[in-house]
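What follows is the residue order along each chain.
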Amino acid sequence: MMEAFRRAILQPGPPETFALKTVQEVIKPQKQTKLAQDENQLLENMLRTLLQELVSSSVPSGEEIMQYGKSIDDESDTQGVIPRLLDVVLYLCEKEHVEGGMIFQLLEDLTEMSTMRNCKDIFRYIESKQDILGKQELFARGKLVMLRTCNQLLRRLSKANDVVFCGRILMFLAHFFPLSERSAVNIKGVFNTSNETKYEKDPPEGISVDFNFYKTFWSLQDYFCNPASLSTAPVKWQKFTSSLMVVLNTFEAQPLSEEEGADNNLEEEATTFNIKYLTSSKLMGLELKDPSFRRHILLQCLILFDYLKAPGKNDKDSSESMKEEIKSCEDRVKKLLEVTPPKGKEFLCSIEHILEREKNWVWWKRDGCPPFEKQPIQKKPVQNGAKKRRPRWRLGNKELSQLWKWADQNPNALTDPQRVRTPAITDYWKPLAEDMDESAGIEAEYHHKNNRVYCWKGLRFAARQDLEGFSKFTEHGIEGVVPLELLPPEVRSKFQGKPSDRSKRAKKEETKTSSHQVEESQIATPASEVDGEGMRADMEASAALMDTDVTAGTGNNSQGGTPTPDEHQKQSPDTDVGQEAGQLEADAEVEAGMIDGETDPEA
């Protein structure tokens, strides 16, 4: 079976012309285009064995793995046998003829069997097929295998000598996996405390170096390695700030000139960049004059301060004094970055922008890394009967929109004196009265009582102009508010029933109020302006008159007895008004006699 695949990968032409046919000849699957689970396992074992034989045969020849099997006379665009085999398997996986994770398993085996020199060529092949490997049907089956393969490569590489290759692997993972992939996120925020910076503990002999400053300077790396320890131990924070002040004072006392910044070409230094610091005490003087070295140290300070200032991280542990110290130290560090040549201001602006963006990632991680991708909105299928869309009004509803429309058409509409005009209550209820006339033949669904706006306005008018009609709303509804004179006789009789208990209580209260007013008018007498004796005569006559009224009232009560509430209801208001008028006339005659001197005060 392996010989059939050996012959197949040596055939010219694209894989789609022979790949599926070869699988059908070797495996003889139950289905013509898709293998079953046991058939997939059989094919995978066979291909992994074939790949191992090809790699083993390429070692004695001394050729690179990805170039093995390629003849010297072949054209430059031809491939070796191993890339050809990988292309065939990738085509079968893409078309779902075989299980999608098979290509990832072969790539993992190939990297484990190859040297680091050959792994660079293998990874170049992986980068060229990134778009196909990243398809959903393949990515879902092989993402964990690809992640394991890349992590194994990173462990085998040197972080100091293979920086570019490590960066290529990390960039591939960033493009291959989605942005919200949790496997690439440090959820707990754990620091790599194993990354220690080793420096000299004892002063060297024969070299004049400020060894105390040397130890103070490199001791800062212990705090940069684990910033969380500063927030939990106040003693460490005090020690860190004192050491940092010494370093910042030294930087400020030895500023760099533009000439020194121009002598150090940062672009050329990037090609020879080392991931670890050179901590020899002999280089301390040269490193202090290096602008790139200063920037590295100052940037570490800003990253540390940004971590300590992160909201919700150390709110309980950090005190107000600690926050003020962080603020003052941060300002000093930014000023030093600004004056460090070359292009200090531009460099500081870039760093501030990067740190500001980093806050968004911090909040995203604390929220549980929610996915950035949003699923497309699925359009609901439209039914046969198209749903009628509700009209959209310019100002919220039909009435306000119409009112604004009238104002647009007539500029004088807002200043017209007739604009604010309350209609008469009879004019307003005429349409509803016509609806209530059965002879008009108006259907019930077209009656004005179904218009809520019309009824609401009518109730407001009735509350202001017709309280009697407004009081009928609770018993007869909106039709009872219509004035009776607008209704036809046969309809009017429905709303002219007996007075209710409420109206009886209102009349009773009115009768009591009128009786109290009569008594007050009997007691109160008009004041007359007379001199000396005349005024005294008036007072005595008034007292006699009051006695007469009381006696008369007593006689009436004694004759008729104490009136009951029913008798009060039977008395008509006309009788009360007549009695009150007679009493007022008698009082007037008595007062006139008193003024003329005809009435005896003692009578």
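What this report covers is the structure whose coordinates are included nearby. All figures in this text were calculated on a predicted structure; none of them were measured in a lab.

What follows deals with the overall build of the protein. In terms of helices and strands, the protein carries 28 helices and zero strands. When burial is assessed residue by residue, the protein has 31% of its 603 residues classed as buried. Here the contacts in the protein between residues at least 6 apart in sequence split such that 67% fall between residues at least 24 apart. Surface exposure of the protein reaches about 40700 Å², of which carbon and sulfur atoms provide 52%.

What follows is about unusual backbone geometry. Peptide bonds are mostly trans, and most non-glycine residues show a negative phi. With an omega dihedral of -5°, the bond running from Pro341 to Pro342 counts as a cis peptide bond. Residue placement: Pro342 occurs in the loop between helix H17 (320-339) and helix H18 (344-366). Phi at Lys343 takes a positive value of approximately 55°, unusual for a residue other than glycine. Here Lys343 shows up in the loop between H17 and H18. In this structure, Cys369 is a non-glycine residue whose phi angle is positive, near 55°. Note that Cys369 resides in the loop between H18 and helix H19 (398-409).

A few words now on the nonpolar core. Most often, soluble globular proteins have nonpolar side chains that are buried together. Counting 58 residues, the largest nonpolar core has Leu43, Leu47, Ile82, Ile103, Leu110, Leu133 and Met146 as its most contacted members. Secondary structure elements with two or more residues in this core: helix H1 (2-9), helix H2 (19-27), helix H3 (37-61), helix H4 (81-94), helix H5 (102-113), helix H6 (116-128), helix H8 (136-156) and helix H9 (163-176). Sorting elements by how many residues they give to this core places H4 first, with ten residues. In this structure, Ile103 is in contact with Leu86, Val89, Leu90, Cys93 and Leu133, ignoring residues within four places of it in sequence. Counting residues in hydrophobic clusters, the runner-up holds 36 residues, among them Phe251, Leu288, Leu298 and Leu308.

This next bit is on the packing of helix H10 (residues 211-225) against helix H12 (residues 234-253). Between H10 and H12, the least distance of the axes is 9 Å, while the angle of their chain directions is 130°. With respect to H12, the axis of H10 lies oblique. Considering how the two elements wind past one another, H10 and H12 form a crossing that is left-handed. Residues Phe213, Thr216, Phe217, Ser219, Leu220, Tyr223 and Phe224 of H10 lie in contact with H12, whose contacting residues are Lys236, Lys239, Phe240, Ser243, Leu244, Val246, Val247, Thr250 and Phe251. When its residues are assigned to classes, the contact of H10 with H12 shows ten nonpolar, four polar and two charged.

Let us now look at a nonpolar patch on the surface. Where nonpolar side chains cluster on the molecular surface, the patch consists of Leu395, Leu400, Leu403 and Trp404 and spans about 390 Å² of accessible area. Among the structural elements, Leu400 can be located in helix H19.

Here is what the cut-offs are and how they apply
Residues numbered from 1 in each chain as written. Predicted model: local features only at pLDDT ≥ 70, side-chain atom pairs only at ≥ 80, totals over all residues. Heavy atoms only, no water. Helix = DSSP H or I, 4+ residues; strand = E, 2+ residues; numbered from the N terminus. Buried < 20%, exposed > 50% of the residue type's maximum accessible area, 1.4 Å probe, protein only. Contact = heavy atoms within 4.5 Å. Areas by Shrake-Rupley, 256 points an atom, 1.4 Å probe, with all protein chains shown as cover. Core = buried A, V, L, I, M, F, W, Y, C linked by side-chain atoms within 4.5 Å. Axes fitted to C-alpha atoms, helices over the stretch in contact; angles between N-to-C directions. Parallel < 35°, antiparallel > 145°, perpendicular 65-115°, else oblique. Left-handed = near helix turned anticlockwise from the far one by under 90°. Nonpolar A, V, L, I, M, F, W, Y, C, P; charged D, E, K, R; others polar. Patch = residues over 30% accessible without salt bridge, like charges linked within 9 Å, V, L, I, M, F, W, Y side chains within 5 Å. Salt bridge = Lys/Arg side-chain N within 4 Å of Asp/Glu carboxyl O.

Remember, this is a structural readout, not a statement about activity or role.
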